[in-house]
Amino acid sequence: MKALDGIRVLDFTHVQSGPTCTQLLAWFGADVIKVERPGVGDATRSQLVDMPGADSLYFTMLNHNKRSIELDVKTAEGKAVLTRLIESCDVLVENFAPGVLDRMGFSWEVVQSINPRLILASIKGFGPGKYADCKVYENVAQCVGGAASTTGFRDGIPVVTGAQIGDSGSGLHLALGIVTALYQRERSGRGQKVSAAMQDGVVNLCRVKLRDQQRLENGPLREYSQFGEGLPFGDAVPRAGNDSGGGQPGRVLRCKGWQDDPNAYTYFITQAAVWPRICVLIGRPDWADDPDFATPEARLPRLNTVFEAIEAWTTTLTKFEVMEVCNPLGIPVGPILSMKEIAEDAGLRESGTIVEVDHPARGRHLTVGCPIKLSDSAVEVTPAPLLGAHTEEVLTGLLGYSATELEQLAQAGAFGLPRRAAAE
Ligand code: COA
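Within each chain, residue numbers correspond to sequence positions counted from 1 in written order. Under the rules for a predicted model, residues below a pLDDT of 70 receive no local features and side-chain atom pairs below 80 are neither given nor counted, while totals for whole chains, interfaces and linings still include all residues. In computing side-chain properties, one takes all heavy atoms of the structure into account and sets aside hydrogens as well as water.

A. Examining the nonpolar core more closely. Ranked by size, the top nonpolar core spans 35 residues in total, and within it Val9, Leu25, Val91, Val93, Leu174 and Ile178 carry the most contacts. Elements supplying a minimum of two residues to this core: α1 (17-27), β4 (91-94), β5 (119-124), α7 (167-188), β6 (193-197), α8 (198-205) and β10 (354-359). In contact with Leu174, other than residues within four places in its own chain, are Cys21, Val93, Ala121, Ser122, Ile123, Val194, Ser195 and Ala196. Nonpolar core, defined: a set of buried Ala, Val, Leu, Ile, Met, Phe, Trp, Tyr and Cys residues in which side-chain atoms within 4.5 Å join the residues together. We call a residue buried when its accessible area falls under 20% of the maximum for its residue type, exposed when it is over 50%, and partly exposed in between, using a 1.4 Å probe and counting protein chains only. The next biggest cluster of nonpolar side chains, apart from the first, holds 31 residues, and it includes Phe12, Val35, Leu82 and Ala410. Helix and strand assignments follow DSSP, with helices taken as H or I runs no shorter than four residues and strands as E runs no shorter than two, numbered in order from the N terminus. Throughout, a contact is declared for two residues whenever any of their heavy atoms are within 4.5 Å.

This is the structure we're talking about:
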């Protein structure tokens, strides 16, 4: 048994944000039916292609455990099929550009009238307001959500992060909205509209920076390196490089081999509770009682001195040795892991966060499995579907179309069968 057994999701998502959401729902046990344009499918199938003839990793890594049907919803026949799908699904998820669903003829009002229990879940770039009609991609979301202005170094330009907080982050937000709406439906009997805007999601993830914006009005941000360096603050939260976001100052420090290896670094947090142990470790036991270094407050204007001394120690060890020494002492550190190291990490493979799957066209490949573990709902990652692999199965098995009706729909161009037949 899986947590979302019995929940059927009509997946009208594409690219990254929406597919992240529906993939999670599929991992939790929902039957996710991805609706794609005949012969074309999700644009990511043919983006960043590394293996001619096979769906890209961009697509396969975001669409595990789903079924795929081809359906042209711009034809009358396609609309009729879509209506029947809406009748038999619990959730419709979409991340089309603003207005697309309305133009298709499936506005919230229409969807509700077809199936009042349906939850319509949407990702858009912006919430209501002056930018509501804009298209948005990952990096735009990072910029308009406050992440880029606070990422990077003070003397450099704004920087976007590799973590897809705009796309995958919005997918996570939407998934939570959907399961919450499903829970409410248990009592209300009604579906509802769930909206997650990418800008809002990034703002949510940048909450601590809005905290600092308000703190800035009451004085300089003392735990930012800039404070110790005597550099004045402006009127907005500055980029703070690798300063830690919280009250326990931290930095990225060099480790043995840093001259040749771009990832031979560790993150090191000077947690107040273990400061005396850090002092002993780095050969400065005197700092434990020195009034200039003994308390977090005293250290704030001297963070450069503190981290230079710690780095003199970390450069004598590899990033993994730093971890091995610090962990038993309760000192929070973390090696800067490359993607190669992540791919090979035994612990991540054991936990199912990094898994290998067999894809019919591309063979074995690595993917990120479900990062959320439920003790009563195991996840088995299955390959992403080929385009339209389940069209007939869904139309006959779920919607009850006969073989003749299927043929008629195909002739009318509602899905890709005539194209395939012609090709054969
Ligand atoms: N049958 C027929 N037509 C279909 C179809 C189907 N199965 N699926 C999609 N289409 C059509 C739509 O109806 C639309 O046509 P229209 O413009 O004539 O109404 C068209 O395909 C393209 O829509 P869409 O994919 O949304 O626009 P786009 O490719 O130009 O823009 C995005 C892509 C991502 C910018 C846009 O979808 C967007 O802003 N989405 C919301 C925010 C988001 O999720 N962004 C991040 C993506 S990772």
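B. Region of interest: the sheet that holds strand β8 (residues 265-269). With respect to topology, three strands assemble into an open sheet ordered β7-β8-β9, the strand pairing being antiparallel. The sheet is open, and its two borders are formed by β7 (250-254) and β9 (333-335), each paired with just one other strand. Averaged over all pairs of adjacent strands, the angle between their axes in this sheet comes to 20°, without regard to strand direction. Against the sheet, helix α13 (residues 303-314) touches β7 and β8, its axis set at about 40° to β7. Comment: axis = line fitted to C-alpha atoms, over the contacting stretch for helices; angle = value between 0 and 180 degrees taken between N-to-C directions. Here helix α14 (residues 319-329) sits on the sheet and contacts β8 and β9; the angle it forms with β9, its principal contact strand, is near 155°. Paired strands are those between which DSSP finds at least two bridges.

C. How the structure looks around the site of the ligand. Taken together, 23 residues are adjacent to the ligand, and His14, Lys74, Ala97, Lys135 and Val136 come closest. Pairs of N or O atoms within 3.5 Å make up the polar contacts considered here, provided that, within protein, one atom can donate a hydrogen while the other can accept it, and that residues adjacent in sequence are counted only when both atoms are side-chain atoms. In this structure, Arg37 approaches the ligand through a side-chain N or O atom, which is 3.5 Å from an oxygen atom. Between the ligand and Phe96 there is a distance of 3.4 Å, counted from a nitrogen atom to a backbone nitrogen or oxygen. When the free accessible area of the ligand is taken as 940 Å², the share hidden by the protein chains comes to 84%. Ranked by residues supplied to the shell around the ligand, first place goes to helix α4 (residues 100-104) with three residues. A per-class count over the shell around the ligand returns eleven nonpolar, five polar and seven charged. Summary of the distance rule: residues count as near a molecule or strand when at least one heavy atom falls within 4 Å of that molecule or strand. Each accessible area is a Shrake-Rupley estimate made with a 1.4 Å probe; only the visible protein chains count as cover when residues are assessed. In this classification, the charged set is Asp, Glu, Lys and Arg, the nonpolar set is Ala, Val, Leu, Ile, Met, Phe, Trp, Tyr, Cys and Pro, and all remaining amino acids, among them Gly, are polar.

D. How the structure looks around α14. Taken residue by residue, α14 has Lys319, Val322 and Cys326 as its buried positions. Looking down the long axis of α14, one finds its buried residues gathered within 50° of arc, a one-sided arrangement. Along α14, the residues that are exposed and aim more than 90 degrees away from the buried face are Glu324 and Pro328. Buried residues in α14 make contact with β8, α11 (275-281), α13, β9 and α15 (339-344). Directly beyond the C-terminal end of α14, a positive phi value near 75° is found at Gly330. Think of the arc as the fan of directions from the helix axis to the C-beta atoms.

E. Quick look at the pattern of salt bridges. Every case where a carboxyl oxygen of Asp or Glu lies within 4 Å of a side-chain nitrogen of Lys or Arg is listed as a salt bridge. For the structure shown, the criterion picks out 24 salt bridges. Ionic pairing is found between Asp31 and Arg8, a salt bridge with its closest N-O pair at 3.5 Å. Here the residue Asp31 occupies a position in strand β2 (residues 31-36), and Arg8 occupies one in strand β1 (residues 8-12), the gap between them amounting to 23 residues. Residue Arg45 is joined to Glu36 by a salt bridge in which the shortest nitrogen-to-oxygen separation is 2.6 Å. Per residue, the accessibility class of Arg45 equals that of Glu36, and both read buried. The network of salt bridges with common partners includes Arg8, Asp31, Arg67 and Glu393.

Honestly, it's all geometry; don't read function into it.
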